[in-house]
Amino acid sequence: MSEPAVLNWERVMHKNVRSKEGFDVGTIIADDTDTVTIYKGAGREYKIPKTMVEGFNGAEVWLSLSYKELLGYKIH
């Protein structure tokens with residue numbers, strides 16, 4: 001089994017998030033047991049499973065989802 005992309009979820013709070021093709025999709029604003037919530041102004045909010053987080057380089061979080069796939073997780 002591979003190691004998770006993020007070991008300390010507090011470190012990714014308020015960090016910028018990018019889709020797998022590099023689009024800026026917002027900022028992480030909440031961390032639940034199995035999900036994170038991403039906010040991108042104008043009422044765009046997404047709740048995604050933590051398993052969809054592919055990496056964190058200390059400044060930005062990268063998703064394994066394309067922007068189009070992310071739209072399926074929109075909550076507002």
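Above this text you will find the structure in question.
Counting starts from 1 at the beginning of each chain's written sequence and moves along it residue by residue. Given that this is a predicted model, residues contribute local features only at a pLDDT of at least 70 and side-chain atom pairs are listed and counted only at 80 or more, while totals for whole chains, interfaces and linings are drawn from all residues. Note that water and hydrogens are dropped before the side-chain values are worked out from all heavy atoms of the structure.

A description of the pattern of salt bridges should follow, citing residues and the corresponding values.
For side chains of opposite charge, pairing can occur when their charged atoms come near one another. Any Lys or Arg side-chain nitrogen located within 4 Å of an Asp or Glu carboxyl oxygen qualifies as a salt bridge. Following the criterion strictly, the structure yields 4 salt bridges and no others. Close ionic contact of Glu60 with Arg18 constitutes a salt bridge, the shortest N to O distance being 2.8 Å. Taken together, the positions of Glu60 in strand 6 (residues 60-63) and Arg18 in strand 1 (residues 16-18) put the pair 42 residues apart, joining distant regions of the chain. As a salt-bridge pair, Lys50 and Asp31 come within 2.6 Å of each other at their nearest N and O atoms. Highlighted residues: Lys50 in the loop between strand 4 (45-49) and strand 5 (53-56) and Asp31 in strand 2 (residues 24-31), separated in sequence by 19 residues. Each residue's exposure class comes from its accessible area (1.4 Å probe, protein chains only) as a fraction of the maximum for that residue type: buried when under 20%, exposed when over 50%, partly exposed otherwise. Accessibility expressed as a relative area gives 16% for Lys50, which makes it buried. Starting at the N terminus, helices and strands are each numbered in turn, a helix being any DSSP run of H or I of at least four residues and a strand any DSSP run of E of at least two.

Account for the nonpolar core, naming residues and giving values.
Only buried residues count toward a nonpolar core. Its members are Ala, Val, Leu, Ile, Met, Phe, Trp, Tyr and Cys residues joined through side-chain atoms within 4.5 Å. Ile48, Val53 and Leu63 are the most contacted members of the largest nonpolar core, which totals 16 residues. Elements supplying a minimum of two residues to this core: strand 2, strand 3 (35-39), strand 4, strand 5 and strand 6. Sequence-distant contacts of Ile48, that is, excluding residues within four places in its chain, are made with Asp34, Thr35, Val36, Ile38, Val53, Leu63, Leu65, Leu70 and Tyr73. Residue contacts follow a heavy-atom distance rule, with two residues in contact if any of their heavy atoms lie within 4.5 Å.

An account of the sheet that holds strand 1 is needed here, citing residue identities and associated values.
Whether two strands pair depends on DSSP finding at least two bridges between them. The mixed open sheet is built from 6 strands, whose spatial order is 4-3-2-1-6-5. Looking along the sheet, the strands with just one partner apiece sit at the ends: strand 4 and strand 5. Each neighbouring strand pair of the sheet contributes to a mean axis angle of 35°, computed without reference to strand direction. Bridging between strand 1 and strand 2 involves 3 bridges; their strand directions are antiparallel. Note on strand 2: the bridge partner recorded for Arg18 is Asp24. To obtain each axis, a line is fitted to C-alpha atoms, and for helices this fit is confined to the stretch in contact; angles are then taken between N-to-C directions over 0 to 180 degrees.

Which residues make up the environment of Lys50, and what values go with them?
In this structure the C-alpha to C-alpha distance between Lys50 and Leu70, which are 20 residues apart in sequence, comes to 13 Å. With sequence-adjacent residues up to four places away left out, Lys50 is seen in contact with Trp9, Asp31, Asp32, Thr33, Asp34, Thr35 and Val36. Identification of polar contacts relies on pairs of N or O atoms within 3.5 Å, with a donor-acceptor requirement for protein atoms, meaning one able to donate a hydrogen and the other able to accept it, and with residues adjacent in sequence counted only if both atoms are side-chain atoms. Looking at Lys50, its side chain comes within polar contact range of the main-chain oxygen of Asp32, at 2.8 Å. In this structure the side chain of Lys50 is engaged in a polar contact, spanning 3.3 Å, whose partner is the backbone oxygen of Thr33.

Give a description of the packing of aromatic side chains that names residues and reports values.
Centres within 6.5 Å make a pair out of two Phe, Tyr or Trp rings, where for Trp the six-membered ring is used; the pair is then stacked when the planes are under 30 degrees apart, edge-to-face when over 60, and tilted otherwise. For the structure on display, the rule yields 1 aromatic pair. Ring centres of Phe23 and Tyr67 lie 6.2 Å apart, and the angle between their planes is 70°; this geometry places the pair in the edge-to-face category. Linking Phe23 in the loop between strand 1 and strand 2 with Tyr67 in helix 1 (residues 67-70), this pair joins segments that are 44 residues apart in sequence.

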